[in-house]
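# Observations on the model geometry
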Amino acid sequence: MDRASDGNKIIYETEFNKLCYLAYKGLEEEGYAGEVSLPMRWYQFGMELWGQPEAYGVIYQGDDRGTQVTRQTLSDRAFDVREELQSAIYKVARHLAGEYKDTYGTDKIVDDSYEDYAPTEFVLKYHEFRSVFDNLEEGQSSLMSFLNDDSPEDHISTIRPHMEQLVEWYPRSKYDEAYTLFRRWDSVTRQLAKNGNLDAMEALASDFWEMFSRVELRIHHNIDVPSEDQADWILERPRHKDAFEETLKQYREIALNGRDDTDHIDRVSASYSEAVRSIANESD
Amino acid sequence: MPDISVLDTGVLLGATIEKDTHHQECIGYLLTQETCYVTPTVEREFDNKDTEIRETLSDEISQHRQDVSTEVDNQTLSPSAIDWIRTNLLSQELNSYRFLDQYYQNLRSEARFSTIDRLQVISDLEDMEFEVWEDEAEEYGGLESLVAYWNDPIPSYPDVEHELLICEGDDPIVCIEAHHIATEEQPPTELATTNPRHFIRQVGDEPETREANILRMTNLDTVADRSWDGDV
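Residues numbered from 1 in each chain as written. Chains lettered and ligands numbered in written order. Predicted model: local features only at pLDDT ≥ 70, side-chain atom pairs only at ≥ 80, totals over all residues. Heavy atoms only, no water.

### Remarks on the layout of surface pockets
Estimates place the volume of the largest pocket at around 1,900 Å³. Forming the walls of the largest pocket are 42 residues, and the residues nearest its centre are Phe16(A), Tyr56(A), Phe79(A), Ile89(A) and Ala93(A). Of all the elements in the fold, those that place two or more residues in the lining of the largest pocket are helix 1 (13–29), helix 2 (33–36), strand 5 (66–71) and helix 3 (83–100) of chain A. By residue number, the principal contributor to the lining of the largest pocket is helix 3 of chain A, which donates ten residues. Looking at the lining of the largest pocket, its residues break down into 28 nonpolar, eight polar and six charged. Put simply, the second largest pocket is a space of about 840 Å³. Contributing to the lining of the second largest pocket are 28 residues, with Leu256(A), Arg54(B), Trp133(B), Glu134(B) and Asp135(B) lying nearest its centre. Contributions of two or more residues to the lining of the second largest pocket are made by helix 9 (227–258) of chain A together with helix 3 (40–71) and helix 7 (143–146) of chain B. Per element, the largest residue contribution to the lining of the second largest pocket is seven residues, and it comes from helix 3 of chain B. A class-by-class count of the residues in the lining of the second largest pocket yields five nonpolar, five polar and 18 charged. (1 Å grid on protein atoms, 1.4 Å probe; cavity = no way out; pocket = protein on both sides within 12 Å on 5 of 7 lines; lining within 4 Å. Points joined across faces, edges and corners; volume = space filled by probe spheres on them. Helix = DSSP H or I, 4+ residues; strand = E, 2+ residues; numbered from the N terminus. Nonpolar A, V, L, I, M, F, W, Y, C, P; charged D, E, K, R; others polar.)

### Some points on the packing of aromatic side chains
Summed over all chains, the structure comprises 30 aromatic pairs over all chains. Aromatic pair Tyr170(A) and Tyr179(A): ring centres 5.5 Å apart, planes at 55°, arrangement tilted. Each member of the pair, Tyr170(A) as well as Tyr179(A), carries the same accessibility label: buried. Ring geometry for Tyr272(A) and Phe99(B): centres 5.2 Å apart, planes at 75°, overall edge-to-face. Taken together, the residues span two chains, with Tyr272(A) in helix 10 (residues 269–282) and Phe99(B) in helix 5 (residues 97–111). Taken individually, Tyr272(A) and Phe99(B) each receive the classification buried, so the pair is uniform in this respect. (Phe/Tyr/Trp six-rings, centres within 6.5 Å; stacked < 30°, edge-to-face > 60°. Buried < 20%, exposed > 50% of the residue type's maximum accessible area, 1.4 Å probe, protein only.)

### A closer look at the interface of chain B and chain A
With 45 residues of chain B at the contact, the number on the chain A side is 46 residues. The contact between chain B and chain A buries some 4,100 Å² in all, and 51% of this surface belongs to carbon and sulfur atoms. The tally of links between chain B and chain A comes to 13 salt bridges. Where Asp186(A) meets Arg65(B), a salt bridge forms, and the shortest distance between an N and an O atom there is 2.5 Å. Broken down by element, the residue count for the side of chain B that touches chain A peaks at 14 residues, all from helix 3 of chain B. Residue classes in the side of chain B that touches chain A are distributed as twelve nonpolar, 16 polar and 17 charged. (Contact = heavy atoms within 4.5 Å. Buried area = accessible area lost by both parts, 1.4 Å probe. Salt bridge = Lys/Arg side-chain N within 4 Å of Asp/Glu carboxyl O.)

### Quick notes on the pattern of salt bridges
Using the criterion set out here, one finds 41 salt bridges over all chains in the structure. Across the pair Lys194(A) and Asp127(B) runs a salt bridge whose closest N-O atoms are separated by 2.8 Å. Here Asp127(B) lies in helix 6 (residues 118–131) and Lys194(A) lies in helix 7 (residues 179–195), a pairing that spans two chains. Using a relative accessible area of 9% as the deciding quantity, one classes Asp127(B) as buried.

### As for the nonpolar core
Leu7(B), Leu30(B), Leu57(B), Tyr104(B) and Val147(B) are the most contacted members of the largest nonpolar core, which has 71 residues in total. Top contributing element to this core by residue count: helix 5 of chain B, with seven residues. Ranked by size, the runner-up nonpolar core spans 67 residues in total, among them Cys20(A), Val69(A), Ala200(A) and Ala255(A). (Core = buried A, V, L, I, M, F, W, Y, C linked by side-chain atoms within 4.5 Å.)

### A look at the packing of helix 3 of chain B against helix 5 of chain B
All names here are of chain B. Here helix 3 crosses helix 5 at 45°, and the two axes come no closer than 11 Å. It follows from the interaxial angle that helix 3 and helix 5 lie oblique. Residues Leu57, Ile61, His64 and Val68 of helix 3 form the contact with helix 5, whose participating residues are Phe99, Leu100 and Tyr104. Here the contact of helix 3 with helix 5 is composed, by residue class, of six nonpolar, one polar and no charged. (Axes fitted to C-alpha atoms, helices over the stretch in contact; angles between N-to-C directions. Parallel < 35°, antiparallel > 145°, perpendicular 65-115°, else oblique.)

### Quick notes on empty space enclosed by the protein
Taken as a whole, this structure holds one cavity of 30 Å³ or more when the rule is applied. The computed volume of the largest cavity comes to approximately 70 Å³. Breaking the lining of the largest cavity down by element, the ones donating at least two residues are helix 7 of chain A together with helix 3 of chain B. Each residue belonging to the lining of the largest cavity can be placed in one class, and the counts come to two nonpolar, three polar and six charged.

### Observations regarding helix 9 (residues 171–185) of chain B
For an α-helix the count is 3.6 residues per turn, leaving residues at separations of three or four pointing the same way. All names here are of chain B. In this model, helix 9 (15 residues) spans 21 Å end to end at C-alpha, consistent with the 21 Å of a helix rising 1.5 Å per residue. Among the 15 residues of helix 9, eleven are classified as buried, and the element is accordingly described as predominantly covered. By the burial criterion, the buried members of helix 9 are Asp171, Pro172, Val174, Cys175, Ile176, Glu177, Ala178, His179, His180, Ile181 and Ala182. Phi turns positive, to about 70°, at Gln186, one or two residues after helix 9. (Expected span 1.5 Å × (residues − 1).)

### Observations regarding the pairing of strand 1 (residues 4–7) of chain B
Residues and elements named next belong to chain B. Here strand 1 shows no split at all, with Ile4 and Val6 on one side and Ser5 and Leu7 on the other all buried. Summarising the sheet, strand 1 and strand 6 (residues 189–193) pair through four bridges and their orientation is parallel. The residue of strand 6 that forms the bridge with Val6 is Leu191. (Pairing = 2+ DSSP bridges.)

### Regarding a negative patch on the surface
Residues and elements named next belong to chain A. A contiguous patch of negative charge, built from Asp107, Asp111, Glu115 and Asp116, is present on the exposed surface. Along the chain, Asp107 falls in helix 4 (residues 107–117). The exposed category is assigned to Asp107, whose relative accessible area is 55%. (Patch = residues over 30% accessible without salt bridge, like charges linked within 9 Å, V, L, I, M, F, W, Y side chains within 5 Å. Areas by Shrake-Rupley, 256 points an atom, 1.4 Å probe, with all protein chains shown as cover. Lys, Arg positive; Asp, Glu negative; His and termini not counted. Charge placed at Lys NZ, Arg CZ, Asp CG, Glu CD.)

As structure tokens, this is what we get:
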């Protein structure tokens, strides 16, 4: 990439991770997946390398735009693989360097990775849902309704179709551990949208996806990650779920405080009260 | 009316969660009593039940809403589509079955005269998921301002406990705690409950009513039923 762009290209961590995964998929297509041994896991916004960067011959350095990736000088031994695999690696690397040498920012490569390799339709739909916030920040005209603070109805009508897609595509049997939290997050998010509280909705979406990555994505979607690391992730699940439950409580309170009164339950209050008493007595 | 009241968990649930006459009865009681004590057992039981009830009902409604989202394609709902939802997407085993079914019955009546949008039903269910979390006591300054929490140590009263007929769950402990408060506070003390079956009536072949037994064995002066008896 460095050579293809005449040294003009700065690569950031997100792009580096995506390039590694695209390279892996390229080699997989050529039939070399078994020989590559590149530990990766799906975490938040796509596949990322698992392990210390030094192991991959790069150094991470933070700057004002993010984490910059620079290559280390590697000895010839680092490339000591059989000739056929070496040429396949060069071929894939040249292809990717050509494809992305003039692309600045990470949007294109992230979108490409999602479109081609999102592990489930739900993950792809969540990426589209997140883009609502990105577009909002850029003030795109299709989302101008978001900018009108006086029209909370517009907020929910913009958000709801995305939420309905997420509900439709949630693979319950695959992501069963996080299902209840997904449902509760969905509920609180819709109320925040009705209240027009976009900042809270975006912050909660970020917390949700972090939890979801820890509880489901990295466990279901990884390559060559040592089994002891995977076992640790499984053991950590309850901690991450409990932490998000606490987060949800705080946002539910925010949503409750900001909502307009509705009276649907008041209209069925007698049978509602019976339900309350029934649960109270069951737990005696 | 006695100066001191000790509350059973049901009175707190009625004051905070319920949205019908139970609520009026319970909140009215708290507003008119001079001092309402919440014992440690009732405080703990209320915290657990309050969360459990709200979480259970909100979860059931949101699960049902998601079922409607995924199973119902029509953009408008005819009376027969509403009946289909009632039959196929509402299990009678749900705690929320009766009030959700009542909601659909009301909707069905509306559907005879006007168009019902599927999206409106989704939105109503979203609202209900949150109505469940509302604290009805907030309107009166919140539960904290209406009750006092008894935090002093409560000794055991084995002789009293041995003679009490009430035996369900934590109810005997609540009686003992109320007995202790009555002993310590001196003025006429009342135990307020919304559960006459456990605290007031005669059960099976027990030799006396629960109320008579509690009044005979403890220093409480009255046991008050604050549940709604159906009178308007």
